Amino acid sequence: MRAAAVRAFKAPVELVDLPARSPANGEVGVQLEFAGVNPFDWKIVDGVLDGQRPHEFPLILGVDGAGTIDAVGPSVTNFRVGDRVFGSFLHDPIGRGTYAEHVTVPATNALLRTPEGLRSDQAAALPTAGMTALDALDTIGADPGSALVVVGASGGIGSFLVPLAASRGLEVVAVARRPSHDRLLALGARRVIDAEATDGPALVRAQYPHGVGGLLDLVGPAEPFRRWAGVVRTGATAATTVYAATPIPGIRTLNINLQPRSALLDRLAQEVVAGRLRVPLERTADLADAPNVVLEGRAGRLSGKTVLRLT
C-alpha cells in the first residue's frame, strides 16, 4: 500500500510503499477513501507523545479517516465486511495512521458506520476537529445570548465551533487573519477581529465592557492566553486546546484534552445529515501531495478542513 510517513521524529514526510496489515484480534481492516488532516498529525511527528505511548517507524501520519471495512478480525461483532465507516483511528502503537490506502484499527475506537447523507470526504474531515469543537463547547458551557471569543477561529476546530456555537444562541467573536473574515461571518460569527491587531483583547473589552461569557484559545501560548482570558467575566470559563491554561483568579481556566468518543461523533454526524452543520471542507489533495500539505499546515496556511484522497 502507498502511505505518507516519517522514518524518525521530526524527519520530513515522504511517500513509501509498505505491506498492508491484516486485522488482529478485535480489529477491523479498512480500505480508506479519504484521510482528514489535522495539526495533531505533525505534532505527533514532532514527538508530542514520545515517552507517553509506544510508536513504530516508519510512522504513518493521520488520525482521521473514512472508508470501507474489508476484513474483520476475531471477536469483532459490531462491524462486518462492507460497512462504510469513519472516525478516529488513533491507537497504539502510534504510527499506524490514515495517510495510507489501508489501515487496521481496534473496533472499540471512536468508529461509526457512515450514515446516509454523509459523504466520505466530509466524514474524514469530521472526527478530531469536530469532536474537539463540540467537546469544548459543552465544557465551556457559555449561556445562550452571551458572547464567546474564539481565538484562531479560521482552522478546522474553529470552523466547526463557530456554527455550533451560533446554533446555541451564542454571539461568536472570531479572531482570525483578515482573509478568513468573510468565511467566518458566513459560518455564523457575529463579529470578527483581525488576529494581527495591536491589542485584540482591548477591542473585545470595548464591545463587551462587562466581559464575555467564555473564551476558547486555539493558538496560545501561555502569555497570549492570559491576555485574552482578561476579556472573560468573573465566574466564566477560558479554555485552550494547546495546554496553555494556568490558574487565573476569578475565572475558570482549563485545557481541553479530547478523548474521542463515539457519542460525540454520532452527534456531529446527525447535525451534518440534518443540514444544521456544514463540514468546512476547503481543500481535497491527493496522497502524493501529503508532504506539501504538511508543510503548508505547519506554516499556518491551511484554513477550514483539508482531506487527502486515497483512492
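Everything numeric here is computed off the predicted structure, so don't read it as measured data.

A. Quick peek at unusual backbone geometry. Between D92 and P93 the backbone carries a cis peptide bond, its omega angle lying at -5°. Inspection of the secondary structure puts P93 in the loop between β6 (84-88) and β7 (94-96). Here the amide bond leading from G220 into P221 is cis, since omega sits at -5°, within 30 degrees of zero. For K10, which is not glycine, the phi torsion reads 70° and is therefore positive. Residue position: K10 is located in the loop between β1 (2-6) and β2 (14-17). With relative accessibility at 62%, the residue K10 sits in the exposed group.

B. Main features of helix α8 (residues 262-273). Here α8 is 12 residues long and its end C-alpha atoms lie 16 Å apart, about the 16 Å a rise of 1.5 Å per residue gives. Of the positions making up α8, those classed as buried are L264, L265, L268, A269 and V272. On an axial view of α8, the arc spanned by its buried residues comes to 130°, and they lie on one face. On its buried side, α8 packs onto β6, β9 (111-113), α3 (127-140) and α4 (156-167).

C. Here's a closer look at the side chain of D217. Its location among the elements puts D217 in strand β13 (residues 212-217). The buried charged residue D217 lacks any salt bridge partner; its closest oppositely charged side chain belongs to R227, at an N-O distance of 8.7 Å. A polar atom in the side chain of D217 sits 2.8 Å from the backbone nitrogen of V219. The contact partners of D217, leaving out residues within four places of it in the chain, are V151, P224, F225, A239, T240 and T241.

D. Focus on the sheet that holds β2. Read across the open sheet, the four strands follow the order β2-β1-β4-β7; overall the sheet is mixed. Where the open sheet ends on each side, the last strands, each with one partner, are β2 and β7. Geometrically, the sheet is characterised by an average inter-axis angle of 50° between neighbouring strands, direction not taken into account.

Conventions adopted
What you see as residue numbers is a count from 1 along each chain, following the sequence as written. Side-chain atom pairs in this predicted model are given and counted only at pLDDT of 80 or more, local residue features only at pLDDT of at least 70, and totals for whole chains, interfaces and linings cover all residues. Values shown for side chains rest on all heavy atoms present in the structure; no hydrogens or waters enter the calculation. In this text, helices come from DSSP runs of H or I with a minimum length of four residues, and strands from runs of E with a minimum of two, each type numbered from the N-terminal end. Burial classification: accessible surface area is computed with a 1.4 Å probe over protein chains only, and a residue below 20% of its type maximum counts as buried, one above 50% as exposed, and the rest as partly exposed. Expected span of a helix, by definition, is 1.5 Å for each gap between consecutive residues, and there is one gap fewer than residues. To be clear, the arc concerns the directions from the helix axis to the C-beta atoms. The contact rule is simple, with two residues in contact once any of their heavy atoms fall within 4.5 Å. The positive count covers Lys and Arg only, the negative count covers Asp and Glu only, and His and the chain ends enter neither. Definition used for salt bridges: Asp or Glu carboxyl oxygen within 4 Å of a side-chain nitrogen of Lys or Arg. Counted as a polar contact is a pair of N or O atoms within 3.5 Å, where, for protein atoms, one must be capable of donating a hydrogen and the other of accepting one, and residues adjacent in sequence contribute only when both atoms are in side chains. Pairing between strands is defined by DSSP: at least two bridges between them are needed. Each axis is a line fitted through C-alpha atoms, and for a helix only the stretch in contact is used; angles between axes span 0 to 180 degrees, taken between their N-to-C directions.

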